[in-house]
Amino acid sequence: MRKAVVAAILLLGSTALVSGCHKLTKMVGTQTEVKDTAYPERVYWGDTHLHTANSVDAFGFGNRLDPEAALRFASGEEVTSSTGIKAKLSRPLDFLVVTDHAEGLGATKALYDAPRILISDPTLLRWYDLMHEGTKGSLQATAEMLDARAHGKLPAGLNDPAKGAERTHKVWSESLATVDNYNQPGKFTAFFGFEYTLMQGGNNLHRNVIFRDGIDKVSQVDPLDPSSELWPDKLWDYMDAYQAKTGGKVLAIPHNSNLSNGLMFMLTDPNGGPITAEYARRRAAHEPLVEITQIKGDSEAHPFLSPNDEFAGYGTAGWDMNNLLNTQPTKPEDYAGSYVREALKRGLLIEQRTGVNPYKFGVIGSTDAHTSLATADDNNFFGKHPGVEPNPNRATDSFVPGVPVERVGRMNWQSLASGYAAVWATSNSRAALFDAMMRHEVYGSTGPRMTVRFFGGWDFKGDDLKADWVKAGYQRGVPMGGTLKPHGPSTPGNGAPSFIVSALKDPIDGNLDRVQVVKGWVDQAGAAHEKVFNVVWSAMDQRKPVGGKVPAVGDTVDVTKATYTNTIGAPELATVWSDPEFNPGQRAFYYVRVLMIPTPTWVDYDMVKYHLTLDPAITLKQQERGYTSAIWYNPV
Amino acid sequence: MELKASTRALLKEPLVHFLIAGAAVFWLLSGRAPDLGERRIVVDKAVVGAMVERFYGSFHRLPSPDETDGMIRDYVADQVYYREALRLGLDQGDEVVVRRMRRKLESLAVADAETAEPGDTQLQAMIDRDPARYSDDPRTNFEQVYLGADTPDSRAAANAQLTDLRSGKPINAQPAPLPAKLDSAGASDISGLFGDEFTLALRDQPTGQWQGPIASGLGLHLVRVSARAAPSKPSLATVRQRVTNDWRAAAIAKAQAEAYQQMLGGYDVAIELPK
């Protein structure tokens with residue numbers, strides 16, 4: 001009996017005693033009229049993946065900033081971080097999705113706020129006391145929570161979905177009201193969303209869920225708890241039910257495939273059988289995007305899978321050893337199901353067999369920060385969670401300070417200050433941004449806000465760049481995320497696809513080194529291949545390719561000062577590229593990778609700021625990058 | 001009944017508000033605050049009612065008589081332990097208890113601000129204090145031609161290109177994914193595309209004629225400004241949500257700070273650092 005009362009207190013999250021009334025003020029704003037342009041004229045930057053104090057682990061890690069602080073920060077305001085540091089972005093973002101974990105939404109905060117005398121579960125009591133001891137204890141408690149989660153041993157009081165439903169509803173309703181108050185169409189879009197933290201053991205199958213609609217529709221549902229699930233089917237059912245009930249729209253974005261031990265992009269269905277057309281269609285319809293880069297590593301490509309790609313392996317070190325919760329090592333045969341380029345290839349193979357491509361997705365970057373602060377700039381990076389907000393030790397701490405690296409698997413310096421989502425939309429509004437995501441007209445960046453255009457057609461010529469090539473791109477071709485129009489007898493051109501590729505540097509970041517097109521295809525024998533083409537780079541006159549490789553752009557980074565200069569590279573790179581190896585019988589995809597010149601990592605900025613002496617193995621400079629969604633080709 | 005002016009003033013004090021609220025809440029939890037040495041535990045209707053309400057809140061049914069008895073037994077045991085622990089001074093020097101108490105008072109201090117609805121006068125006053133924050137950006141209509149990286153060569157060529165543009169001849173612009181023409185662009189939009197340096201330089205260009213080159217974070221540009229619109233005066237109707245958000249954030253911060261300062265004022269704090 002006693003236990004039931006305890007659970008009730010915990011799960012309700014708050015009695016009047018604890019959190020008082022919360023922000024349930026209603027929307028008072030007037031809806032601004034937003035005009036949509038005929039085609040996307042500008043790119044909008046945002047973060048589709050951010051956690052606040054309402055996330056069970058974020059609060060445990062010491063996050064005390066609610067969704068309101070997250071929204072104020074993303075829209076350009078200064079806020080004070082959980083560890084007391086003033087924080088402000090160099091430029092506002094255009095949109096934000098607060099994606100707190102549905103599982104145990106608000107639970108840690110509820111545990112923290114509960115009267116101690118009412119907690120009888122010894123494990124919960126231990127965590128309660130640890131959290132109240134301060135940051136170190138809090139990190140320890142959270143590490144133990146994640147451990148318990150990995151082994152299915154969370155105390156029922158914290159994790160029972162049925163009993164947690166009420167607390168979830170309360171926290172969700174409050175969060176919706178706050179998000180709605182900060183949605184300013186035309187200026188700043190605040191989406192409703194949550195994270196579906198699906199896991200098998202410690203294998204990461206997480207998805208972020210984003211709604212297109214307003215509070216009238218979204219408030220008709222609560223976020224879905226995945227704790228007893230192994231595969232995403234129940235999430236897709238939930239999404240279907242939402243759409244049927246409200247007439248609204250919702251999408252899901254898988255993330256950290258790099259920590260899934262091969263389960264994110266499998267060649268088979270969950271039962272080990274071949275993927276059917278129906279399964280493929282269902283996956284592609286619900287999951288139009290994948291998060292390709294974030295703080296917990298980069299999932300584009302792995303050197304094991306792409307030995308001929310000299311730039312594969314950005315942000316893979318440390319993250320490629322074990323699964324998310326460090327419960328299983330990652331074996332080489334797992335890599336293929338864990339990285340995006342390979343998934344795009346697998347998609348072609350499955351489409352060859354079934355007629356449907358389950359992995360026809362676009363790509364974005366996002367932070368997955370658990371600080372409520374969407375930072376992806378190396379010189380202004382607030383880390384994965386409050387335990388690694390700026391401080392002199394974070395470069396050499398383990399990923400969860402105080403917990404040995406053998407337990408958490410990674411050193412914190414292996415975190416990337418990455419990434420952001422770029423969306424080519426017709427206005428800054430929920431509807432326009434969401435629709436652009438559905439048609440994959442998006443790209444991901446590891447932080448710099450570089451502008452990238454990519455159009456595919458059959459008759460683009462170098463001369464097109466002299467006139468209004470964006471208009472031409474839309475009229476005679478398809479933008480990133482699209483499928484080349486079928487090539488018929490009357491199609492102009494020489495029979496090979498041609499692409500307009502254009503990249504412009506971030507006005508306040510480094511110059512560009514090169515633009516590459518990554519091609520994947522399936523040959524007649526049914527085997528998948530890939531090739532990276534350098535299509536345009538800076539100082540092409542001097543940097544002549546040698547043995548198929550373009551000489552390195554150079555390096556102006558002074559790691560002792562954490563500086564670089566834009567005396568190398570180019571501010572913009574553009575070309576029209578035609579595939580010299582095109583075979584009309586082969587199914588293929590093409591995507592663009594833009595590389596920046598070398599610049600300092602956040603660790604280098606820390607080293608200079610805090611006068612640190614660091615192990616030479618620690619990465620102090622890097623080439624940041626942007627990845628576009630692919631353009632696909634289907635044989636007629 | 002008339003309240004004395006001093007009592008009325010006292011009732012307006014936020015500190016008094018949350019001390020009253022705190023006492024009320026404490027009473028809700030435990031019947032009433034026990035005096036040290038108090039040896040009588042009363043389980044009355046109010047206490048049982050609160051238990052039943054909490055039970056109903058989570059199970060959507062009333063507790064059975066056995067369950068109610070169990071809750072009462074538990075409540076009595078809680079009270080016995082709690083009072084014994086207080087008598088023994090176990091709350092003293094316990095960091096967990098200290099933090100919990102602090103957090104309770106902190107959340108009580110901001111409870112009013114979180115739910116208060118500001119009046120139009122208050123919101124208008126906020127706008128008047130910082131109209132620039134709430135007004136639209138100044139708007140500019142302009143065309144731009146991108147000349148590529150800012151190098152001695154491109155600077156040298158820029159003047160001839162400017163002359164060509166002024167005489168209506170086409171020039172070789174660099175193909176960048178930048179709009180050639182921007183209508184009614186706000187300063188923050190322009191900065192997002194070109195950087196702050198360009199936005200500032202653009203502000204000083206005369207209208208009607210091609211000008212430049214001016215530099216951005218991307219390189220060099222020639223520009224022609226056709227029109228400028230001063231920022232519109234912000235009206236409460238159009239910025240109500242934003243100013244309400246700001247008002248609430250400020251009110252919460254202020255309530256928290258004031259409550260602490262008032263309490264702090266009642267203490268002498270001596271800090272003796274080790275040498």
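Residues numbered from 1 in each chain as written. Chains lettered and ligands numbered in written order. Predicted model: local features only at pLDDT ≥ 70, side-chain atom pairs only at ≥ 80, totals over all residues.

A. Representation of the overall build of chain B. Helices and strands together make up the secondary structure of chain B, namely eleven helices and four strands. Sorting the 275 residues of chain B into buried and exposed places 25% on the buried side. (Helix = DSSP H or I, 4+ residues; strand = E, 2+ residues; numbered from the N terminus. Buried ≥ 20, exposed ≤ 12 C-beta atoms within 10 Å, placed from the backbone.)

B. Broad picture of the overall build of chain A. The helix and strand tally for chain A stands at 17 helices and 26 strands. The C-alpha atoms of chain A give 24 Å as radius of gyration, which agrees with the globular expectation for 636 residues (26 Å, within 12%). For the C-alpha atoms alone, the extent of chain A along its principal axes is close to 80 × 60 × 50 Å. When burial is assessed residue by residue, chain A has 59% of its 636 residues classed as buried. Taking the contacts inside chain A whose residues are at least 6 apart along the sequence as the reference set, 76% of them involve residues at least 24 apart. (Rg over C-alpha atoms; globule rule 2.2 N^0.38 Å. Contact = placed C-beta atoms within 7 Å.)

C. Expanded view of the domain arrangement of chain A. Residues and elements named next belong to chain A. Annotation of chain A at the domain level lists domain 1 (2-438) and domain 2 (459-633). Look at where the C-alpha atoms of domain 1 and domain 2 centre, and you get two points 28 Å apart. Of the residues lining the interface, 28 residues belong to domain 1; the matching set on domain 2 comes to 33 residues. Elements supplying a minimum of two residues to the side of domain 1 that touches domain 2: helix 13 (340-354) and strand 13 (362-365). (Domains from an automatic or database assignment.)

D. Structural context of the confidence of the model for chain B. Residue and element names in this part refer to chain B. Chain-level pLDDT for chain B is 83 on average; 86% of the residues reach the 70-or-more range. Every residue in residues 14-32 scores below 50 in pLDDT, and together they form 33 contacts with partners more than four places removed in sequence or on other chains. In the predicted assembly, ipTM is 0.77 and pTM is 0.84. (pLDDT = per-residue confidence, 0-100.)

E. Focus on the confidence of the model for chain A. Per-residue confidence for chain A gives a mean pLDDT of 91; residues scoring 70 or more make up 94%. Contacts for the low-pLDDT stretch residues 1-31 of chain A, under 50 throughout, to residues beyond four places or in other chains number 86 contacts.

F. Expanded view of the environment of Arg61(B). Summarising the element assignment, Arg61(B) is placed in the loop between helix 3 (45-59) and helix 4 (65-87). Separated by 71 residues in sequence, Arg61(B) and Ala132(B) have C-alpha atoms that sit 55 Å apart.

G. Up close: the sheet that holds strand 17 (residues 477-479) of chain A. All names here are of chain A. One open sheet holds the four strands; their spatial order is 17-16-18-21, and the pairing between them is antiparallel. Pairing within the sheet leaves two strands with one partner each, and these edge strands are strand 17 and strand 21 (572-578). Sheet twist, expressed as the mean angle between neighbouring strand axes with direction ignored, is 15 degrees. Bridge analysis of strand 18 (residues 498-504) against strand 21 gives seven bridges, and the strand direction is antiparallel. Its bridge partner lying in strand 21, phenylalanine 499 is registered against tryptophan 577. (Pairing = 2+ DSSP bridges. Axes fitted to C-alpha atoms, helices over the stretch in contact; angles between N-to-C directions.)

H. Spotlight on the pairing of strand 20 (residues 528-537) of chain A. One ladder, built from nine bridges, connects strand 19 (residues 512-522) of chain A with strand 20 of chain A; its direction is antiparallel. Within the sheet, the bridge partner assigned to Gln516(A) lies in strand 20 of chain A and is Asn534(A).

I. Expanded view of the packing of helix 6 (residues 122-133) of chain A against helix 5 (residues 95-115) of chain B. Here helix 6 of chain A crosses helix 5 of chain B at 75 degrees, and the two axes come no closer than 9 Å. With respect to each other, helix 6 of chain A and helix 5 of chain B are oriented roughly perpendicular. Where helix 6 of chain A approaches helix 5 of chain B, its residues Asp129(A), His132(A) and Glu133(A) are matched on the opposing element by Glu95(B), Val96(B), Arg99(B) and Arg100(B). Broken down by class, the residue content of the contact of helix 6 of chain A with helix 5 of chain B amounts to one nonpolar, one polar and five charged. (Parallel < 35°, antiparallel > 145°, perpendicular 65-115°, else oblique. Nonpolar A, V, L, I, M, F, W, Y, C, P; charged D, E, K, R; others polar.)

J. Geometry of the sheet that holds strand 12 (residues 297-298) of chain A. All names here are of chain A. The mixed open sheet is built from three strands, whose spatial order is 12-11-13. One side of each edge strand has no neighbouring strand; the edge strands of this open sheet are strand 12 and strand 13. Pairing analysis gives four bridges linking strand 11 (residues 289-294) to strand 13, with the strands arranged parallel. Bridge assignment links leucine 289 to a residue of strand 13, and that residue is glycine 362.

K. Here's a closer look at the nonpolar core. Formed by 187 residues in total, the largest nonpolar core has its most connected members in Leu96(A), Val423(A), Val442(A), Phe499(A) and Val501(A). Every residue in contact with Leu96(A), bar those within four places of it in the chain, is listed here: Gly46(A), Asp47(A), Leu50(A), Ala70(A), Leu71(A), Ala74(A), Ala190(A) and Ala374(A). (Core = buried A, V, L, I, M, F, W, Y, C linked by C-beta atoms within 7 Å.)

L. Broad picture of the pairing of strand 15 (residues 442-445) of chain A. All names here are of chain A. In strand 15, alternate side chains face the same way, and those of Val442 and Gly444 on one face and Tyr443 and Ser445 on the other are all buried. Relative to strand 25 (residues 625-628), strand 15 is paired through three bridges, and the arrangement is antiparallel. If you follow tyrosine 443 over to strand 25, its bridge partner there is threonine 628.

M. Structural view of helix 15 (residues 430-438) of chain A. For helix 15 of chain A, every residue scored as buried is listed here: Arg430(A), Ala432(A), Leu433(A), Phe434(A), Ala436(A) and Met437(A). His440(A) sits one or two positions beyond helix 15 of chain A and adopts a positive phi of about 65 degrees.

N. Main features of helix 8 (residues 152-166) of chain B. All names here are of chain B. If you check helix 8, its first and last C-alpha atoms are 22 Å apart, about what 15 residues at 1.5 Å a residue would give, namely 21 Å. In helix 8, a bend of some 30 degrees at alanine 158 exceeds every other bend along the element. Considered for burial, the residues of helix 8 that qualify are Ala158, Gln161 and Leu165. In this fold, the buried residues of helix 8 make contact with strand 1 (139-148), strand 3 (211-215) and strand 4 (220-229). (Expected span 1.5 Å × (residues − 1). Bend = angle between axes of the 7 residues up to and from the residue.)

O. A look at the environment of Val43(A). All names here are of chain A. In this structure, valine 43 sits in strand 1 (residues 42-50). A sequence separation of 379 residues divides valine 43 from alanine 422, and the C-alpha atoms of the two residues are 6.1 Å apart. Discounting residues that sit within four places of it in the chain, valine 43 has contacts with Ala422, Val423, Trp424 and Thr451.

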